[in-house]
Amino acid sequence: RELVIAAVRNHGLALRSASRKLRADPEVVRVAVKMHGLALAHAAEELRADRDIVLTAVRTHGVALLYAAPSLRDDPEVLLVASQTGV
């Protein structure tokens, strides 16, 4: 786990190589999307529905909105943040 956190801290998209279990770990995913919002594409489905994680992702890459759960794609705050960082 610590090795994967270190990897995603250096390159968020390294999340794609993590195990399914770690892609469902909120701490690992939060570190990854903070580094590179598009890492959200590799997060477990339930974390794509986590508002805080999605907000973190769209703050770095607005296009990460595409990987958010449908219920969050219409969230006014999520849309606003995403539009400010380039959807």
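Each value, and the rule that gives it
- Residues numbered from 1 in each chain as written.
- Predicted model: local features only at pLDDT ≥ 70, side-chain atom pairs only at ≥ 80, totals over all residues.
- Heavy atoms only, no water.
- Core = buried A, V, L, I, M, F, W, Y, C linked by side-chain atoms within 4.5 Å.
- Buried < 20%, exposed > 50% of the residue type's maximum accessible area, 1.4 Å probe, protein only.
- Helix = DSSP H or I, 4+ residues; strand = E, 2+ residues; numbered from the N terminus.
- Contact = heavy atoms within 4.5 Å.
- Salt bridge = Lys/Arg side-chain N within 4 Å of Asp/Glu carboxyl O.
- Axes fitted to C-alpha atoms, helices over the stretch in contact; angles between N-to-C directions.
- Parallel < 35°, antiparallel > 145°, perpendicular 65-115°, else oblique.
- Left-handed = near helix turned anticlockwise from the far one by under 90°.
- Nonpolar A, V, L, I, M, F, W, Y, C, P; charged D, E, K, R; others polar.
- Patch = residues over 30% accessible without salt bridge, like charges linked within 9 Å, V, L, I, M, F, W, Y side chains within 5 Å.
- Areas by Shrake-Rupley, 256 points an atom, 1.4 Å probe, with all protein chains shown as cover.

1. So, the nonpolar core
- Counting residues in each nonpolar core, the largest one holds 28 residues, and the members touching the most others are Leu15, Val29, Val33, Leu40, Val54 and Val58.
- Listed by contribution, the elements that provide at least two residues to this core are helix H1 (2-10), helix H3 (26-35), helix H5 (51-60) and helix H7 (76-84).
- Not counting chain neighbours up to four residues away, the residues in contact with leucine 15 comprise Val8, Leu22, Arg23, Val28, Val29, Ala32, Ala39, His42 and Ala43.

2. Examining the pattern of salt bridges
- Scanning the model with the defined rule gives five salt bridges in all.
- Salt-bridge contacts for aspartate 25 lead to arginine 1; the nearest nitrogen and oxygen are separated by 2.7 Å. Taken together, the residues span a long stretch of sequence, with aspartate 25 in the loop between helix H2 (20-23) and H3 and arginine 1 in the segment before H1 at a distance of 24 residues.
- For arginine 1, a relative accessible area of 41% puts it in the partly exposed group.
- Measuring nitrogen to oxygen at the nearest pair gives 2.9 Å for the salt bridge that ties arginine 51 to aspartate 75. Of this pair, arginine 51 sits in helix H5 while aspartate 75 sits in the loop between helix H6 (70-73) and H7, and the two are 24 residues apart along the sequence.
- For arginine 51, a relative accessible area of 31% gives the class partly exposed.
- The network of salt bridges with common partners includes Arg1, Glu2, Asp25 and Glu27.

3. Observations concerning the environment of histidine 36
- Along the polypeptide, histidine 36 turns up in the loop between H3 and helix H4 (45-48).
- Classification of histidine 36 by relative accessible area gives buried; the value is 18%.
- If sequence neighbours within four positions are ignored, histidine 36 has contacts with Gly12, Leu13, Thr60 and His61.

4. Things to note about the packing of H5 against H7
- Contact geometry of H5 with H7 gives a least axis separation of 8 Å together with a crossing angle of 15°. If you check the angle between H5 and H7, you find them roughly parallel. Crossing of H5 over H7 shows right-handed handedness. Residue-level inspection shows Arg51, Val54, Leu55, Val58 and Arg59 of H5 in contact with H7, the latter providing Glu77, Val78, Val81 and Ala82.
- By residue class, the composition of the contact of H5 with H7 is six nonpolar, no polar and three charged.

5. Describing a nonpolar patch on the surface
- Taken together, Val63, Leu66 and Tyr67 make up a surface patch of nonpolar side chains, about 260 Å² in accessible area.
- Position of leucine 66 among the secondary structure elements: in the loop between H5 and H6.

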